[in-house]
Every structure is written in C-alpha cells, then in structure tokens.
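Fold and contact review
These are the residues of each chain, in order.
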Amino acid sequence: MDLNKLLKAMLVAIPVMAISACSSTSESETDAMGSTSGSGSEYNGGVQTGGVGGMSSLEEQQRQQLDQLRKEHIIYFDFDRSDVQTEYAAVLEAHGTYLVEHPSVRVLIEGHADERGTPEYNIALGERRAKAVAKYLQGMGVQPSQMSIVSYGEEKPLDFTRTDDGFAKNRRAVLVY
C-alpha cells in the first residue's frame, strides 16, 4: 500500500473512531441536563457544544505582550550617545504603560557607560542616558515622582572582556522596580 492510500484510509477512519468514542446518553439523562449549563455551554443530545474555552481576548493578548516586553529592562546605547534608539520603543512603551496604570509604583533608572573616557565623563554620560529614558517615559505620561535616576558611569560593568561587544553591553540604562 502506498503512502497516499494509507493517509486516505486514516482520514476516513478518524471520524469513525471519534464517533465510536462518544458516550451515549439516555433520554432521561438528556432531560435532566437541560439545554444549557451554568458555564454557558449548550448540551445537544448529551454532547457539549459551545465556544473553545481558554481563548484570550485581544485585550488579554495585548496585556500578555506588554508583560513579556516589560521583562526586558535594559536599554542599550551607541558609543558616546545618550539618545534612545527606536528599537527600544516597544520596551519603553510597555514600561510606560505599566507605570501610568500603577501610579504608586516607582522605578529607578540606572545609567551606565563603558570604561573608555574619564570617570567623570562616564558618570555624566550615564546620567544623560538615564535622563533620556526618564524623559521618554515622562512623555508617555509617567509622573516624574515615580522615577529616580542614578549614574554609575563605568563602575558596574556587565561585561569585563574589553572587546567591542563587551563595551556595547556596558553602554546601557537599566530600569529597576
């Protein structure tokens, strides 16, 4: 038997197996069940019908997406720059939405720099980065009283490798709740 014939035979057999697997219900049991249940699903001859349970509404899906984006809490910057790149807009929108909806929540925004430059320059650069993130969030409606900033400059690197990739990981702002 070739593969096509086997697949056709399986497709024909599947509905038969599903029907044979259904339980039967006597008329007295059907009458006792009534036409609807407390969950809003209808019974039709002992077979439960209705919508698929567990489906998320569009609003719930958006909420889950925002929650997922909010797990990302690091915003990276280009060398010697403090402007927020557009690739981080969705992450900051998620944090901003959360903070606007929860006005009692406060966030600390840490600014960091790589080790190139003087310590004084890197402290100032880290501060500019933290302020850029705070300004972005404030533009979304987050209250200034919900945000604090601190600059660590080059003092708390994520990566100690002294490579271009390592330096890139150290040029960041971190949102800490």
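In this report, the structure presented in the accompanying data block is examined.

About the criteria used
- Residues numbered from 1 in each chain as written.
- Predicted model: local features only at pLDDT ≥ 70, side-chain atom pairs only at ≥ 80, totals over all residues.
- Heavy atoms only, no water.
- Helix = DSSP H or I, 4+ residues; strand = E, 2+ residues; numbered from the N terminus.
- Buried < 20%, exposed > 50% of the residue type's maximum accessible area, 1.4 Å probe, protein only.
- Contact = heavy atoms within 4.5 Å.
- Areas by Shrake-Rupley, 256 points an atom, 1.4 Å probe, with all protein chains shown as cover.
- Polar contact = N/O pair within 3.5 Å; in protein donor to acceptor, adjacent residues only side chain to side chain.
- Phe/Tyr/Trp six-rings, centres within 6.5 Å; stacked < 30°, edge-to-face > 60°.
- Lys NZ or Arg CZ within 6 Å of the ring centre and 35° of its normal.
- Salt bridge = Lys/Arg side-chain N within 4 Å of Asp/Glu carboxyl O.

In terms of helices and strands, the protein chain carries six helices and six strands. Of all 177 residues assigned to the protein chain, the portion counted as buried reaches 25%. Considering only residue pairs separated by 6 or more positions, the protein chain has 69% of its internal contacts joining residues 24 or more positions apart. By element, 55% of the accessible surface of the protein chain is carried by carbon and sulfur atoms, the whole surface being about 11,800 Å².

Turning to the side chain of asparagine 122, a few remarks are in order. As for its position among the elements, asparagine 122 is in helix α5 (residues 119–139). Of the polar contacts made by the side chain of asparagine 122, one reaches the backbone oxygen of glycine 117; its length is 3.4 Å. Ignoring sequence-local partners within four residues, the contact set of asparagine 122 consists of Ala113, Asp114, Glu115, Arg116, Gly117, Ser151, Gly153 and Glu154.

Within this structure, the stated rule accounts for one aromatic pair. Taking 5.9 Å as the distance between ring centres and 85 degrees as the angle between the ring planes, the aromatic pair formed by tyrosine 98 and tyrosine 177 counts as edge-to-face. With tyrosine 98 in helix α4 (residues 89–101) and tyrosine 177 in the segment after β6 (172–176), the pair connects residues that are 79 residues apart, well separated along the chain. Against the face of tyrosine 177 rests arginine 70, its NZ or CZ located 5.8 Å from the ring centre.

Moving on, we come to the environment of glutamine 138. Along the chain, the position of glutamine 138 falls in helix α5. Between the alpha carbons of glutamine 138 and glycine 96 there is a distance of 8.1 Å; along the sequence they are 42 residues apart. Not counting residues within four places of it along the chain, the set of residues in contact with glutamine 138 comprises Pro144 and Met147.

Right, let's talk about the pattern of salt bridges for a bit. Scanning the entire structure with this criterion turns up seven salt bridges. The residue arginine 81 makes a salt bridge to aspartate 83 at a minimum N-O spacing of 3.3 Å. The exposure class of aspartate 83 is partly exposed, given its relative accessible area of 37%. With a closest N to O distance of 1.8 Å, glutamate 115 and arginine 162 form a salt bridge. Remark: arginine 162 occurs in the loop between β5 (147–153) and α6 (164–170) and glutamate 115 occurs in the loop between β4 (107–112) and α5; sequence separation between them is 47 residues.

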